[in-house]
Number of protein chains: 2
Amino acid sequence: MEIENESRNPQDQPVADKELVEKVRQKMPDEEPLYDLAELFKVFGDSTRIRIIWALFEADMCVCDIANLLNMSQSAISHQLRVLKNSRLVKYKKSGKTVYYSLNDDHIKKIFELGMEHIME
Amino acid sequence: MEIENESRNPQDQPVADKELVEKVRQKMPDEEPLYDLAELFKVFGDSTRIRIIWALFEADMCVCDIANLLNMSQSAISHQLRVLKNSRLVKYKKSGKTVYYSLNDDHIKKIFELGMEHIME
DNA sequence: TTAACATATGAACAAGTGTTCATATGAGCA
DNA sequence: TGCTCATATGAACACTTGTTCATATGTTAA
């Protein structure tokens, strides 16, 4: 009985360089943090949310002023702020009827700047 | 005829702090780069693409080895590599039948590391 | 209390996305 | 030439997502 030279994975994919695949596999982070990272970038992957965050770079703002700034409905902004809140990217402070949102993470600005550098290249 | 105290935008949103909205509006970047930035993060916002990129941090790889590493079909990987290629995040080099992909941007690793920092917080 | 206001929320729908499947392309080899 | 292999591609489909619309919640002021 011969051993096949080319290894195969469960999906029956041929492997060109089995050693390399194993080496890289061992260096890969666990699935979960990579999944979480994708979830974070998914949040950044919408221009409304990008613009909300960019506005909050400049100043803490209430929902209606953000809606006005971006020329969008209060409801749309509120929905998106919830997404940002769920990702711990923004926090809020209530003041009477008004709710003021602000950024909750110092990394965001740096991430955005690096992203901009890629775009400008 | 009286001038209303509260200004309204085309969507009939009340404005709490008109001056602030104007100040922030002037500091906001143009729509287009913000739209492009969202497009970039959209590309990062998928765990398959995140894992492909992370693999390429370790080594340049051909399509079938990436498919094997991630235990996914060659077709799925090829489709995703095209997305990465269109965003100028990866480049490729042909060698006979085989196509080797590699990263095309030094910012990516930094962006991912900062993203990870947010997750770990 | 009632009215006005700021915000949040749920349902619904159109638009977008990732994978699969089948097949095309193009290079190397017999 | 014809066959095999690595990759690319198009169509189809299920699934996800962002907005709108209607309405609920909760606060302030009269």
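Criteria and cut-off values
Residues numbered from 1 in each chain as written. Chains lettered and ligands numbered in written order. Predicted model: local features only at pLDDT ≥ 70, side-chain atom pairs only at ≥ 80, totals over all residues. Heavy atoms only, no water. Contact = heavy atoms within 4.5 Å. Buried area = accessible area lost by both parts, 1.4 Å probe. Salt bridge = Lys/Arg side-chain N within 4 Å of Asp/Glu carboxyl O. Helix = DSSP H or I, 4+ residues; strand = E, 2+ residues; numbered from the N terminus. Buried < 20%, exposed > 50% of the residue type's maximum accessible area, 1.4 Å probe, protein only. pLDDT = per-residue confidence, 0-100. Expected span 1.5 Å × (residues − 1). Phe/Tyr/Trp six-rings, centres within 6.5 Å; stacked < 30°, edge-to-face > 60°. Lys NZ or Arg CZ within 6 Å of the ring centre and 35° of its normal.

Novice: Residues and numbers for the interface of chain A and chain B, please.
Specialist: If you look at the interface, chain A gives 65 residues, while chain B gives 65 residues. When the two sides are added together, the surface that chain A and chain B hide from each other amounts to roughly 5,900 Å², 66% of it contributed by carbon and sulfur. Ranking the residues of chain A by area buried against chain B places Phe 41, Asn 68 and His 118 of chain A at the top, with a combined share of 12%. Counting the contacts that link chain A with chain B gives four salt bridges. The shortest N-O distance in the salt bridge between Lys 27 of chain A and Glu 58 of chain B comes to 3.8 Å.

Novice: Explain unusual backbone geometry to me, and be specific about the residues and the numbers.
Specialist: Positive phi outside glycine occurs at Asn 71 of chain A, with the angle close to 60 degrees. Of note, Asn 71 of chain A is situated in the loop between α4 (63-70) and α5 (74-86). Using a relative accessible area of 37% as the deciding quantity, one classes Asn 71 of chain A as partly exposed. Located in the positive-phi region is Arg 88 of chain B, a residue other than glycine, with phi close to 60 degrees. As for its placement among the helices and strands, Arg 88 of chain B is situated in the loop between α5 (74-86) and β2 (90-95). Residue class for Arg 88 of chain B comes out partly exposed when judged on its relative accessible area of 37%.

Novice: Can you break down the confidence of the model for chain A residue by residue, with the values?
Specialist: Overall, the prediction assigns chain A a mean pLDDT of 90, with 90% of residues at 70 or greater. Every residue in residues 1-10 of chain A is under pLDDT 50, and counting partners more than four places away or in other chains gives twelve contacts.

Novice: I'd like to hear about helix α2 (residues 31-44) of chain A, residue by residue, with values.
Specialist: Taking 1.5 Å of rise per residue, 14 residues should cover 20 Å, and α2 of chain A covers 20 Å from first to last C-alpha, within 8% of that figure. Taken as a whole, α2 of chain A has its buried residues at Pro 33, Leu 34, Leu 37, Ala 38, Leu 40, Phe 41, Val 43 and Phe 44 of chain A. Tucked into the core, α2 of chain A has its buried residues touching α3 (47-58), α5 and α6 (107-120) of chain A together with α2 (31-44), α3 (47-58) and α6 (107-120) of chain B.

Novice: Tell me about the pattern of salt bridges, and name the residues and values.
Specialist: Opposite charge on two side chains allows them to pair when their charged atoms are near. Residue and element names in this part refer to chain A. Counted by the stated rule, this structure contains eight salt bridges over all chains. Ionic pairing is found between Arg 25 and Glu 22, a salt bridge with its closest N-O pair at 3.1 Å. Pair noted here: Arg 25 and Glu 22 are both in helix α1 (residues 18-27), with a separation of three residues, about one helical turn.

Novice: Hey, could you go over the packing of aromatic side chains for me, with residue numbers and the actual values?
Specialist: Given two aromatic rings, their pairing is described by the distance between the two centres and the angle made by the two planes. Inspection of the entire model under this criterion finds 17 aromatic pairs over all chains. A ring pair is formed by Phe 41 of chain A and Phe 44 of chain A, whose centres lie 6.4 Å apart and whose planes are at 55 degrees; its orientation type is tilted. Note that Phe 41 of chain A and Phe 44 of chain A are positioned in helix α2 at a spacing of three residues, about one turn of the helix. Here the two residues Phe 41 of chain A and Phe 44 of chain A agree in accessibility, since each one is buried. The interplanar angle of 85 degrees and the centroid separation of 5.1 Å between the aromatic rings of Phe 44 of chain B and Phe 112 of chain B together place this pair among those described as edge-to-face. Of this pair, Phe 44 of chain B sits in helix α2 while Phe 112 of chain B sits in helix α6, placing them 68 residues apart in sequence. Side by side, Phe 44 of chain B and Phe 112 of chain B carry an identical accessibility label, which is buried. An aromatic cluster is defined as three or more aromatic residues linked by ring pairs; in this entry it consists of Phe 41, Phe 44, Trp 54, Phe 57 and Phe 112 of chain A together with Phe 41, Phe 44, Trp 54, Phe 57 and Phe 112 of chain B. A cation sits over an aromatic face here: Lys 109 of chain A above Phe 57 of chain A, 5.1 Å from the ring centre.

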